[in-house]
Structures are given as structure tokens and as C-alpha cells.
Amino acid sequence: MLTENLDILHDFNILYIEDDPSLLKQTKDVLDDFMQHTFIATNSKEALEVLNTHKVDLILSDILLEDENGIDFLKSLKESHYGKIPTILITAHTDTPYLLEAIKLKVESYIVKPINLKELLTSIHNIVLPISQQKEAKKASNLIKLISEVSEGKQIDVIKYIIQNLDNENKIHTSYTEIMSQIDISKPTLVKLFKKLSDKNILTNISHKVYQFNQEVLDSL
């Protein structure tokens, strides 16, 4: 029985690289139940396309892919701006030489085939837990800094709403009407708050009902 709080996995995206169609589908079906998004690839080219178009928080990859060595791909990632993405490797008992190479690359974890799903989910949890805790600490810090920018109680409630509803790209999808349905605040007061945050470049309206929260600006306050 799993004792970890797997709910935190819902905040993270995973890239799963596997060239065995049956294993790919079986494992993806499980990951879909826990992760926010499960992106799949059968080779390094497809994997790179995913990395270039989506936000990936964790990589799960077979150590040997058809006609290529997953270690070589991992080495190239470690030397790129994707190098900080945590990696779990899937390996067979016969892959020992490759596993030693993987250890040198400081991969976060590895799973031996056949995949034990409990072990896999535990490994993912152990990797994302400190990241999740760091995110929560950052939210608390952001909340304190933003509250210092306002004085009215209802505006503080709106600040809390913004922080709690940011997605993985620090964007919030909302509208004045939606906020007022959640918080008892007048529209003029709400507009005034958003204008203040916009003037300070803390919150930027990037499209209809989509606002970008600018972490760098807040960190400089």
C-alpha cells in the first residue's frame, strides 16, 4: 500500500520515453491517473519535440531505445538548458554497463524491469516532493510580498485567489466576473487592484482572461 501523498503529482508534467508500444500504453495509463500531463515519445527526436513545445517537470526513459542509446540522449540533455530536469531511467538487469554511465550522469533514480508501479510512483513522489515544498514556500513568500502592496481586506482575498490559482507557467485564467463570484468585492475596487499590480508589472494581461504573474518583478521588491 502506498503511504505517500500522491496528490502532489497532479501538479507536475512527465515525459515518458519508451519504444515498446505495449509497455508505453500500460504505464502511460497509470501515469495519466496521477500526473497533470503525461507526454510520450518513442525515440529521442520525438522526446526533444515534446521538450521544445511543452513544460516538462520530470523525464522517465528506457535506458535503451530502438537503434539508439538512451544514455547518449541523456548526456545531450544534461549539456543543454533541459539539464536540470530530473530523470528516472528504466533498465533491465543486463544493462549494467549503461547503468554505470547513468550513475555518472547523476540521474535521480532508476527502475528495473519489469516495472513495479508502486516503486515507480514512489520514486516520482520522492523526486517531486521537495520541488512541491519549494513551490509552496514560494507561494507563501509571494503572498506576504503582495499583501504588503495592498491594505484593504477584500483585496487581500483577491491576492490569495491569484496566488492559489496560478498554473505551472505562473499564469492565471480568470475574469473580474469570476473573481467577484468567489469574493465579495466591488468591481471598482477589483479594477483598482489589477491596475496597481499591472502598473508595477507584477501582473500582465497577455490575452483575453489570461494574466501572467511576473515572479522576477516580485523578487526585486
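The rules we used
- Residues numbered from 1 in each chain as written.
- Predicted model: local features only at pLDDT ≥ 70, side-chain atom pairs only at ≥ 80, totals over all residues.
- Heavy atoms only, no water.
- Helix = DSSP H or I, 4+ residues; strand = E, 2+ residues; numbered from the N terminus.
- Buried < 20%, exposed > 50% of the residue type's maximum accessible area, 1.4 Å probe, protein only.
- Core = buried A, V, L, I, M, F, W, Y, C linked by side-chain atoms within 4.5 Å.
- Contact = heavy atoms within 4.5 Å.
- Phe/Tyr/Trp six-rings, centres within 6.5 Å; stacked < 30°, edge-to-face > 60°.
- Pairing = 2+ DSSP bridges.
- Axes fitted to C-alpha atoms, helices over the stretch in contact; angles between N-to-C directions.
- Right-handed = clockwise from strand over helix to strand, strands pointing away.

You'll find the chain entered in an unreviewed UniProt entry as Response regulator, with Sulfurovum indicum given as the organism.

So, about the environment of Asp-20. Secondary-structure assignment places Asp-20 in the loop between β1 (13-17) and α1 (21-32). Classification of Asp-20 by relative accessible area gives partly exposed; the value is 34%. Taking C-alpha positions, Asp-20 is 25 Å from His-10, a pair spaced 10 residues apart along the chain.

This brings us to the nonpolar core. If you look at the biggest cluster of nonpolar residues, it comprises 21 residues, and the most contacted ones within it are Leu-9, Tyr-16, Leu-31, Leu-60 and Ile-124. Those elements that place two or more of their residues in this core are β1, α1, β3 (58-62), β6 (87-91) and α5 (117-147). A per-element tally of this core places α5 first, with five residues. Apart from residues no more than four positions distant in its own chain, Leu-9 is found in contact with Phe-34, Met-35, Gln-36, Leu-121, Ile-124, His-125 and Val-128. Within the second largest apolar cluster, 20 residues are counted, among which are Ile-163, Ile-183, Tyr-211 and Phe-213.

Under the counting rule described, the total for this entry stands at two aromatic pairs. Look at Tyr-176 and Phe-194: their rings are 5.4 Å apart centre to centre, the planes differ by 90°, and that puts the pair in the edge-to-face class. Of this pair, Tyr-176 sits in helix α7 (residues 176-182) while Phe-194 sits in helix α8 (residues 187-199), and the two are 18 residues apart along the sequence. Assessed through its relative accessible area of 25%, Tyr-176 is described here as partly exposed. Looking at Phe-194, the relative accessible area reads 5%, which means it is buried. Arranged with centres 5.1 Å apart and planes meeting at 70°, the rings of Phe-194 and Tyr-211 form a pair that is edge-to-face. Note that Phe-194 is positioned in helix α8 and Tyr-211 in strand β10 (residues 210-213), a separation of 17 residues in sequence. Overall, Tyr-211 belongs to the buried group, its relative accessible area being 12%.

We now examine the sheet that holds strand β9 (residues 203-207). Sheet architecture is open: three strands sit in the order β8-β10-β9, paired in antiparallel fashion. The open sheet terminates on both sides in strands that have one partner only, identified here as β8 (171-173) and β9. Each adjacent strand pair in this sheet contributes to an overall mean axis angle of 30°, direction not counted. Relative to β10, β9 runs antiparallel, the two sharing four bridges. Bridged to Thr-204 within β10 is Gln-212.

Let us look at the sheet that holds strand β7 (residues 109-112). Strand order in the open sheet formed by five strands is β2-β1-β3-β6-β7, with parallel pairing between adjacent strands. Each end of this open sheet is capped by a strand with a single partner; those strands are β2 (37-41) and β7. Between one strand and the next, the sheet's axes are offset by a mean angle of 20°, whatever the strand orientation. Bridge count for β3 against β6 is four bridges, and the pairing is parallel. Paired with Ser-61 across the strands is Leu-89, a residue of β6.

Moving on: the pairing of β1. Summarising burial for β1: five of the five residues are buried, a large majority. Here β1 shows no split at all, with Asn-13, Leu-15 and Ile-17 on one side and Ile-14 and Tyr-16 on the other all buried. Bridge count for β1 against β2 is five bridges, and the pairing is parallel. For Leu-15, the partnering residue across the bridge sits in β2 and is Phe-39. On the question of chirality, the crossover connecting β1 to the parallel β2 by way of α1 is right-handed. Across four bridges, the pairing between β1 and β3 is parallel. The residue bridging Tyr-16 from the neighbouring strand is Leu-60, located in β3.

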